[in-house]
Amino acid sequence: MSKLNEAIRTIKAGDKATGRKLLTHLIQTDPTNEMAWMWLAVAVENPHEKRRCLQRILEINPENTTAKQGLARLETLADEEMPTLEDILSEKPAFTTPKLKSLSSQKIVGSIKQNALAQTEALPKLMILDSPRSTNQSGEILVLLLEGLLFFGGFPVIAMFVFSVIIYLLPLRNSSYFGLMFGFFRELFLPAILGIGGILGFVGLVVVVFHIISVRGRPSGKAQGALSVHQVRNFEVRLPYSKVFNLCFEAALVLGGKVSMNNPERGRIVAKTGRSIYSWGETLSFKIDRLNDEQTKVNVSSKPRMLTPIDFGSNLDNVEGILNFLRLKIEG
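Criteria and thresholds
- Residues numbered from 1 in each chain as written.
- Predicted model: local features only at pLDDT ≥ 70, side-chain atom pairs only at ≥ 80, totals over all residues.
- Heavy atoms only, no water.
- Helix = DSSP H or I, 4+ residues; strand = E, 2+ residues; numbered from the N terminus.
- Buried < 20%, exposed > 50% of the residue type's maximum accessible area, 1.4 Å probe, protein only.
- Patch = residues over 30% accessible without salt bridge, like charges linked within 9 Å, V, L, I, M, F, W, Y side chains within 5 Å.
- Areas by Shrake-Rupley, 256 points an atom, 1.4 Å probe, with all protein chains shown as cover.
- Salt bridge = Lys/Arg side-chain N within 4 Å of Asp/Glu carboxyl O.
- Lys, Arg positive; Asp, Glu negative; His and termini not counted.
- Charge placed at Lys NZ, Arg CZ, Asp CG, Glu CD.
- Expected span 1.5 Å × (residues − 1).
- Axes fitted to C-alpha atoms, helices over the stretch in contact; angles between N-to-C directions.
- Parallel < 35°, antiparallel > 145°, perpendicular 65-115°, else oblique.
- Left-handed = near helix turned anticlockwise from the far one by under 90°.
- Contact = heavy atoms within 4.5 Å.
- Nonpolar A, V, L, I, M, F, W, Y, C, P; charged D, E, K, R; others polar.
- Pairing = 2+ DSSP bridges.
- Polar contact = N/O pair within 3.5 Å; in protein donor to acceptor, adjacent residues only side chain to side chain.
- Core = buried A, V, L, I, M, F, W, Y, C linked by side-chain atoms within 4.5 Å.

Things to note about the overall build of the protein
Looking only at helices and strands, the protein features eleven helices and six strands. Residues counted as buried form 38% of the 332 residues belonging to the protein.

In structure tokens form, the structure reads like this:
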């Protein structure tokens, strides 16, 4: 039985707490699982958390009519009929309960507060905002093959063009020396350049094919944009800004090696990885923004330090490694 089916069966049996735990673990491994978010919206009882789950479903699939209908029903609820999650957690009276004894009112608010805290803990603390989806990579592969052909085979052609311009602009072009040099260029240099360009272009295609095979062999290698050498991830963390910044700095040290920028005021961290047989090194960049006292947004990017169309998955490994490191530290 799959985790999703087990969670659905548990929720239908009335054990929503266990169902929430199962769905939370499933979402951590598959953040774009539309059905898991749908059943998590069923399992949570606080309307604000339901709204967050339904909004996440629409981010994954804007055409989900069930999520649209659920949000519409939530919007029709009168604000005064129910305290907000913030009011409950801060113990501010967001509604009145006339003709109730003080003790009964305290019990009601305490019960709601305990339930709200339980619902909040049920959701993952780290939520990826732009999880890559598996897609047809035919267009990306074609563009990448053309880039490899031009990148590796284009340089000799460019050199040939520059050399021809230099010869033409030489002050000796009207002399016999110019005729000798132009003859040498036409008879020997031009064919050599074209031949070398063709060989390097073929080598470039072969290298690009190995890059594609290497990337697609990874768990997330068949997702949209996975073949690119510039990888970016955006995610939110339900932790204070200072703690998230320190965790990102730790991730930069562990995975990046050498930190070149560490600016808590601007929320910027930059680290550079070392050279390897697959890469001349990459640049890791963190942009951390404070959303509120208990929520932080992080943008992580990894790109080559030198111009290249291939990296054999090094930058994809970097961003996935950073996410796994932070998830391990945050979720335990």
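Considerations on a positive patch on the surface
A grouping of K258, K272, R275, K303 and R305 is seen on the molecular surface, where their side chains present a positively charged patch. For R275, the location among the structural elements is in the loop between β4 (268-272) and β5 (282-292). In this structure R275 comes out as exposed when scored by relative accessible area, which is 62%.

Side note on helix α4 (residues 47-60)
Across its 14 residues, α4 extends 20 Å between first and last C-alpha, which sits within 8% of the 20 Å expected from 1.5 Å per residue. Among all positions in α4, only P47, E49, R51, C53, L54, R56, I57 and I60 are buried.

Some words on the packing of helix α1 (residues 3-12) against helix α3 (residues 34-43)
Contact pair α1 / α3: the axes reach a minimum separation of 11 Å and the direction vectors enclose 20°. The orientation of α1 relative to α3 falls into the category roughly parallel. Of the two elements, α1 crosses α3, and the hand of that crossing is left-handed. Counting all contacts with α1, which are made through L4, I8, I11 and K12, the residues of α3 involved are M35, A36, W39, V42 and A43. A breakdown of the residues in the contact of α1 with α3 according to their chemical character gives eight nonpolar, no polar and one charged.

Notes on the pairing of β4
Consecutive side chains along a regular strand alternate between the two faces of the sheet. The pairing of strand β3 (residues 258-263) with β4 spans five bridges and is classified as antiparallel. Note that in β4 the partner of K258 across the bridge is K272. In the sheet, β4 pairs with β5 via five bridges, with the strands oriented antiparallel. Bridging from a neighbouring strand, V270 pairs with S285 of β5.

Observations regarding the environment of C248
Secondary-structure assignment places C248 in helix α10 (residues 241-256). You can call C248 buried: its relative accessible area is 0%. Separated by 37 residues in sequence, C248 and S285 have C-alpha atoms that sit 9.9 Å apart.

Overview of the pattern of salt bridges
Counted according to the given criterion, the structure contains five salt bridges. For K329, the salt bridge goes to E250, with nearest N and O atoms at 3.3 Å. Separated by 79 residues along the polypeptide, K329 in helix α11 (residues 314-331) and E250 in helix α10 bring together distant segments of the chain. Overall, K329 belongs to the partly exposed group, its relative accessible area being 43%. Take E250: its relative accessible area is 31%, and that puts it in the partly exposed class.

Looking at the side chain of S314
Residue position: S314 is located in helix α11. Within the structure, the side chain of S314 is placed 2.9 Å from the backbone oxygen of D311, a separation counted as a polar contact.

Digging into a nonpolar patch on the surface
On the surface, I199, F202, V203, V206 and F210 cluster together to form a nonpolar patch covering roughly 490 Å² of accessible area. Along the polypeptide, V206 turns up in helix α9 (residues 176-216).

Comments concerning the packing of α1 against helix α2 (residues 16-29)
In a pair of packed helices, the angle between the axes and the distance between the axes together describe the arrangement. α2 packs onto α1 with a crossing angle of 160° between their chain directions and a minimal axis gap of 8 Å. With respect to each other, α1 and α2 are oriented roughly antiparallel. The interaxial crossing formed by α1 with α2 has left-handed handedness. Only K16, T18, G19, L22, L23 and L26 of α2 make contact with α1, whose side of the interface consists of L4, E6, A7, T10 and I11. Looking at the contact of α1 with α2 residue by residue, the class counts come to six nonpolar, three polar and two charged.

A closer look at the side chain of N234
Inspection of the secondary structure assignment puts N234 in strand β2 (residues 231-237). On the basis of relative accessibility, which here comes to 19%, the residue N234 falls in the buried class.

Some remarks on the nonpolar core
In this structure, C248, F286, I288 and L326 are the most contacted members of the largest nonpolar core, which totals 32 residues. Mapped by element, the contributors of at least two residues to this core are α9, β2, α10, β4, β5, β6 (295-304) and α11. Those residues in contact with C248 that lie beyond four places of it in its chain are I269, F286, I288, V298 and L326. With 23 residues, the next largest nonpolar core counts I11, L40, A43 and L71 among its residues.

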